[in-house]
Amino acid sequence: MSLPTIPIITVFERSPDGGKGLARDMRVRWALEEVGQAYEVRLVSFGAMKEAAHRALHPFGQIPTYEEGDLVLFESGAIVLHLAERHAGLLPDNANARARAITWMFTALNTVEPPILDLQTTKFLEGDKPWYEQRLPLVQNRIRDRLGELSDRLGAADWLDGAFSAGDLMMVAVLLRLKASGMLAEYPNLSAYVARGEARPAYKRAFDAQLAVFTGKPPT
Ligand SMILES: N[C@@H](CCC(=O)N[C@@H](CSCc1ccc([N+](=O)[O-])cc1)C(=O)NCC(=O)O)C(=O)O
């Protein structure tokens with residue numbers, strides 16, 4: 001009888017967000033906590049993640065990665081889906097409802113996150129370009145287009161499709177990147193949706209664990 005394998009994830013040795021939970025290991029930590037799976041972390045410096053040993057796990061030299069026995073995964077969405085398929089708690093039992101929950105995972109990553117990443121890129125990498133002032137509102141309005149459609153779809157519901165699922169986990173994680181910009185506050189039901197995600201005990205445990213890496217103090 002083999003012992004259960006404790007998965008290992010890789011995380012920033014020192015997250016550039018100062019422990020605000022914006023790095024993508026947070027999604028994996030949250031999913032692990034939602035399904036009640038203990039895990040270990042391997043801290044990776046910016047230099048080490050570009051070296052051969054880490055690239056053997058992640059061809060693009062990034063975090064997170066996920067190791068479980070002889071299985072190695074990268075891409076936070078794929079890791080969350082793997083956990084959701086192997087454990088109860090993140091996908092419904094009903095086959096059609098499962099397919100819809102996975103649809104919302106892809107929606108978060110492929111439809112909502114790209115314009116948000118474009119805003120981050122614009123702000124952090126293009127601020128000194130002559131066309132920055134002209135481009136910024138175009139990028140912001142592309143985000144508003146998506147947020148307006150998502151807000152209309154969510155309406156007054158607690159979650160996107162019935163019970164909380166991996167689709168909501170991914171969507172809340174994506175929307176959290178927007179919080180500092182103030183744009184999320186323009187959509188009260190989306191702000192409340194994100195706050196419901198942050199209020200989940202599993203989210204709080206995941207957040208405290210990633211913050212502890214940054215502060216060096218054990219989670220409270
Ligand atoms: N598509 C991949 C993207 C992985 C990714 O972007 N990883 C980033 C960290 S999470 C992205 C991130 C970074 C920093 C902040 N922050 O707020 O400071 C937020 C999110 C990374 O390893 N970056 C180092 C590199 O590419 O060399 C996934 O979803 O797993």
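Residues numbered from 1 in each chain as written. Predicted model: local features only at pLDDT ≥ 70, side-chain atom pairs only at ≥ 80, totals over all residues. Heavy atoms only, no water.

(A) Fine view of the packing of helix α4 (residues 95-125) against helix α5 (residues 132-154). One way to put it is that α4 packs onto α5 with a least axis distance of 9 Å and a crossing angle of 155 degrees. Classed by the angle they form, the pair α4 and α5 counts as roughly antiparallel. In this structure, α4 meets α5 at a crossing whose hand is left-handed. Of the residues in α5, those in contact with W104, T111, P115, I116, D118, L119, T122 and K123 of α4 are Y132, R135, L136, V139, Q140, R142, I143, R146, L150 and R153. A per-class count over the contact of α4 with α5 returns 9 nonpolar, 3 polar and 6 charged. (Axes fitted to C-alpha atoms, helices over the stretch in contact; angles between N-to-C directions. Helix = DSSP H or I, 4+ residues; strand = E, 2+ residues; numbered from the N terminus. Parallel < 35°, antiparallel > 145°, perpendicular 65-115°, else oblique. Left-handed = near helix turned anticlockwise from the far one by under 90°. Contact = heavy atoms within 4.5 Å. Nonpolar A, V, L, I, M, F, W, Y, C, P; charged D, E, K, R; others polar.)

(B) Expanded view of the site of the ligand. Among the 14 residues in the neighbourhood of the ligand, the closest are listed as K50, Q62, I63, E75 and S76. In the environment of the ligand, an oxygen atom lies 2.8 Å from a nitrogen or oxygen atom belonging to the side chain of Q62. The separation between a nitrogen atom of the ligand and a polar main-chain atom of I63 is 2.8 Å. The fraction of the free accessible surface of the ligand (660 Å²) that becomes covered by protein chains is 78%. (Near = heavy atom within 4 Å. Polar contact = N/O pair within 3.5 Å; in protein donor to acceptor, adjacent residues only side chain to side chain. Areas by Shrake-Rupley, 256 points an atom, 1.4 Å probe, with all protein chains shown as cover.)

(C) Highlighting the packing of aromatic side chains. If you walk through the whole model with that rule in mind, you get 7 aromatic pairs. Here Y203 and F207 contribute two aromatic rings whose centre-to-centre distance is 6.2 Å and whose plane-to-plane angle is 20 degrees, an arrangement assigned as stacked. In this pair, Y203 and F207 both sit in helix α8 (residues 201-215), 4 residues apart, roughly one turn of the helix. A connected cluster of aromatic rings, assembled from ring pairs, spans W30, W159, F164, Y193, Y203 and F207. In this arrangement the basic side chain of R14 is found over the ring face of F214, its NZ or CZ atom lying 4.2 Å from the centre. The ring of W159 has R196 lying over it, and the distance from NZ or CZ to the ring centre is 5.8 Å. (Phe/Tyr/Trp six-rings, centres within 6.5 Å; stacked < 30°, edge-to-face > 60°. Lys NZ or Arg CZ within 6 Å of the ring centre and 35° of its normal.)

(D) How the structure looks around α4. The terminal C-alpha atoms of α4 lie 43 Å apart, and with 31 residues this matches the ideal 45 Å at 1.5 Å per residue to within 8%. E113 marks where α4 bends most, by close to 50 degrees; the proline P114 follows one to four residues later. (Expected span 1.5 Å × (residues − 1). Bend = angle between axes of the 7 residues up to and from the residue.)

(E) Quick look at helix α7 (residues 188-198). For α7, every residue scored as buried is listed here: N189, L190, Y193, V194 and G197. Angularly, the buried residues of α7 cover 140 degrees about the axis, an arc narrow enough to put them on a single face. As for α7, its buried residues are in contact with α1 (25-35), α5, α6 (166-176) and α8. (Buried < 20%, exposed > 50% of the residue type's maximum accessible area, 1.4 Å probe, protein only. Arc of directions from axis to C-beta.)

(F) Focus on the side chain of D25. Among the structural elements, D25 can be located in helix α1. At 2.8 Å, the side chain of D25 and the side chain of R29 are in polar contact. Sequence-distant contacts of D25, that is, excluding residues within four places in its chain, are made with T10, V11, I63, P64 and Q210.

(G) View of the pattern of salt bridges. Tallied over the entire structure, the rule returns 15 salt bridges. R196 serves as the salt-bridge partner of D158, at 3.8 Å between the closest nitrogen and oxygen. Here D158, found in the loop between α5 and α6, pairs with R196, found in helix α7; they are 38 residues apart in sequence, far enough to count as distant. When its relative accessible area of 26% is taken as the criterion, R196 is described as partly exposed. Salt bridges linked by common partners bring D118, E126, R135 and R142 together as one network. (Salt bridge = Lys/Arg side-chain N within 4 Å of Asp/Glu carboxyl O.)

(H) Geometry of the nonpolar core. Formed by 54 residues in total, the largest nonpolar core has its most connected members in W30, L90, M171, L175 and Y193. Where this core is concerned, the elements lending two or more residues are β1 (8-12), α1, α3 (76-86), α4, α5, α6, α7 and α8. Counting residues per element, this core draws most heavily on α6, at 8 residues. With sequence-adjacent residues up to four places away left out, L90 is seen in contact with A31, E34, V35, A84, F164, S165, A166 and L169. If you look at the next biggest cluster of nonpolar residues, it comprises 5 residues, including F12, A23, V44 and I63. (Core = buried A, V, L, I, M, F, W, Y, C linked by side-chain atoms within 4.5 Å.)

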